[in-house]
Amino acid sequence: MPQIAAPDLADPRFKADPHPFYARLRTEAPVFRAALPDKREAWLVTRYDDVAALLKDGRFAKDPRNAVAHGRRPKTPWLPPGFGPLSRNMLDLDDPDHARLRMLVHKAFTPRLVEGLRGRIQALADGLLDAPLRAGRSELVADYALPLPATVIAELLGVPSEDQRRFHRWSRRTVAVASGRDALRAAPALWAYMRYLRGLFAQRRAEPRDDLITALVRAEEAGDRLDRDELVAMGVLLLTAGHETTVNLIAGGALALLEHPEQLDRLRREPDLIERAVEELLRHTSPVEMATERYARDDVEFAGATIPRGALVLGVLASANRDERRFESPDGLDLGREPNRHLALGRGPHFCLGAPLARLEAQIAIGTLVRRAPDLRLAVPPGALRWRRGLFLRGLEDLPLAC
Ligand code: HEM
């Protein structure tokens with residue numbers, strides 16, 4: 001394996017432009033052993049075909065308990081005591097537990113049901129843009145990209161609107177965890193998040209409503225379909241995954257359009273392009289930079305490497321989506337690109353449950369922004385933009401705009 005120095009993959013300076021590093025790995029070391037910020041070792045998979053195969057490959061487990069090597073479980077990120085229940089979420093489990101948990105909620109996220117939210121999402125987008133447009137400036141993340149998906153997922157679950165700021169604060173801390181020290185720092189937030197959700201479940205048990213939390217509580221009460229730990233883990237996963245990703249697509253997508261003014265003009269001239277445009281923005285920005293952990297169940301021959309049993313493997317979606325073997329001019333932005341079989345929403349059994357919702361939110365958010373703000377531009381030099389710390393997600397801290 002060639003000697004390539006791995007940067008700190010969670011560092012905001014790396015997040016600003018990780019693509020040259022991934023391009024080098026695709027050419028020189030398509031399966032690359034790297035040290036993660038939390039000192040674990042991971043095998044990074046960077047080519048499109050390999051990442052697509054990895055996400056569907058049953059030889060890799062999501063649940064570390066299914067990849068025990070020499071009597072020892074793979075190392076998982078350190079979590080303070082008491083947070084074990086959080087690992088009982090569908091994304092960190094294998095079938096049959098994964099399928100059982102996914103079944104309980106998948107109906108709420110089908111394209112047909114999600115389409116019913118169109119009017120509400122449009123009203124939210126319009127309402128959030130009014131004040132920034134009057135003021136002629138916006139910090140797009142705080143004004144628009146964040147509150148839109150956070151409100152939608154909170155309303156779907158049944159989290160009262162006055163609590164939305166709090167749950168975002170907690171989930172923000174949670175997704176920034178990339179090392180043991182981060183976990184320690186995030187512990188109070190995580191603890192508050194879990195306690196809050198337990199309280200909400202108790203309320204709905206006493207006073208059922210027409211929301212997803214009530215439906216989940218009913219499933220728990222029905223007996224063997226969902227236990228209490230799984231209930232909390234589901235709440236944290238849906239609330240967090242439901243907005244921490246889409247915020248990055250909306251803000252990162254707006255930035256990508258500003259960086260490619262000819263494509264922005266094209267979308268203004270051809271608003272019907274919005275569905276394809278969002279697919280291209282998904283590919284280009286890859287808001288989930290890496291798929292989450294997978295562990296080799298056995299010694300596995302994969303893409304020319306022998307990955308030992310118990311090893312941690314990460315498919316780099318942001319790299320697969322820029323693979324020159326798969327996409328023409330992969331670093332360019334072409335809003336009409338077709339076909340566009342990107343991996344931004346994953347592949348295989350853990351394919352994004354919220355994909356129809358994420359797509360609709362982004363189509364409305366970006367379509368509305370482009371239509372209502374004809375004079376949109378960056379209010380700071382591009383080099384001054386700040387990126388968030390974290391391994392799996394890639395997103396802007398803030399996006400100051402003039403409009
Ligand atoms: C632009 C926005 C989004 C992106 C880029 C995104 C991306 C992804 C990706 C890549 C995965 C698979 C991870 C893996 O295999 O390791 C995933 C899974 C998941 N996503 Fe999303 N997501 C987005 C929005 C949402 C929304 C709005 C929800 C709403 C609830 C959601 C809920 C989930 C859940 C529950 C899973 C786990 C599915 C499973 O394990 O079966 N996501 N997402």
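Keep in mind that this is a model prediction, so the values were computed, not measured. Along every chain, residues carry numbers that run from 1 in the direction the sequence is written. The predicted nature of this model means local features are confined to residues of pLDDT at least 70 and side-chain atom pairs, given and counted, to a pLDDT of 80 or more, with totals for whole chains, interfaces and linings taken over all residues.

Caption draft 1: Here's a closer look at the overall build of the chain. For the chain, the count of helices and strands is 17 helices and 10 strands. Relative to the globule expectation of 22 Å for 403 residues, the C-alpha radius of gyration of the chain, 21 Å, shows essentially globular dimensions. With the principal axes as the frame, the chain shows a C-alpha extent of 60 × 60 × 35 Å. Comment: burial labels come from other C-beta atoms within 10 Å of the residue's own C-beta, placed from the backbone, where a count of 20 or more is buried, 12 or fewer is exposed, and between is partly exposed. In the chain, which comprises 403 residues, the share counted as buried stands at 44%. A pair of residues counts as a contact when their C-beta atoms, built from backbone coordinates, are separated by no more than 7 Å. In the chain, the share of contacts with a sequence separation of at least 24, taken over all contacts with a separation of at least 6, comes to 75%. Comment: elements are numbered from the N terminus, with helices defined as DSSP H or I runs of at least four residues and strands as E runs of at least two. C-alpha atoms define the radius of gyration in this analysis, and the globule rule sets the expected value at 2.2 Å times the number of residues to the power 0.38.

Caption draft 2: The arrangement of the sheet that holds strand β9 (residues 377-378) in detail. The pairing criterion is simple: DSSP has to find at least two bridges between the two strands. Taking strand neighbours across the sheet as the criterion, the three strands line up as β4-β10-β9 in an open arrangement whose pairing is antiparallel. Edge strands, defined here as strands with exactly one partner in the open sheet, are β4 (137-139) and β9. As defined by bridge partners, β9 adjoins strand β10 (residues 400-402) across two bridges and the pair is classed as antiparallel. Note on β10: the bridge partner recorded for Leu378 is Leu401.

Caption draft 3: Looking closely at the nonpolar core. Grouped together as the largest cluster of nonpolar side chains are 114 residues, with contacts concentrated most on Val51, Ile250, Val313, Val316 and Leu317. Ignoring sequence-local partners within four residues, the contact set of Ile250 consists of Ala145, Leu148, Ala362, Ala365 and Ile366. Only buried Ala, Val, Leu, Ile, Met, Phe, Trp, Tyr and Cys residues enter a nonpolar core, and they are joined through C-beta atoms within 7 Å.

Caption draft 4: Just the site of the ligand, in detail. As a structural note, the neighbourhood of the ligand is formed by 26 residues, with Thr245, Gly346, Cys352, Gly354 and Ala358 the closest of them. Contributions of two or more residues to the shell around the ligand are made by α12 (228-244), α13 (246-259) and α17 (355-372). Considered class by class, the residues forming the shell around the ligand number 18 nonpolar, seven polar and one charged. Only the C-beta atom matters for this test: placed from the backbone, it must lie within 6 Å of a molecule or strand for the residue to be near it. Side-chain classes follow a simple rule in which Ala, Val, Leu, Ile, Met, Phe, Trp, Tyr, Cys and Pro form the nonpolar group, Asp, Glu, Lys and Arg form the charged group, and the remainder, Gly included, forms the polar group.

Caption draft 5: Here's a closer look at the environment of Arg137. Along the chain, Arg137 turns up in strand β4. Here the alpha-carbon distance between Arg137 and Ser87, two residues 50 residues apart in the chain, equals 41 Å. For Arg137, the residues in contact, after removing those within four places along its chain, are Pro132, Ala379, Leu401, Ala402 and Cys403.

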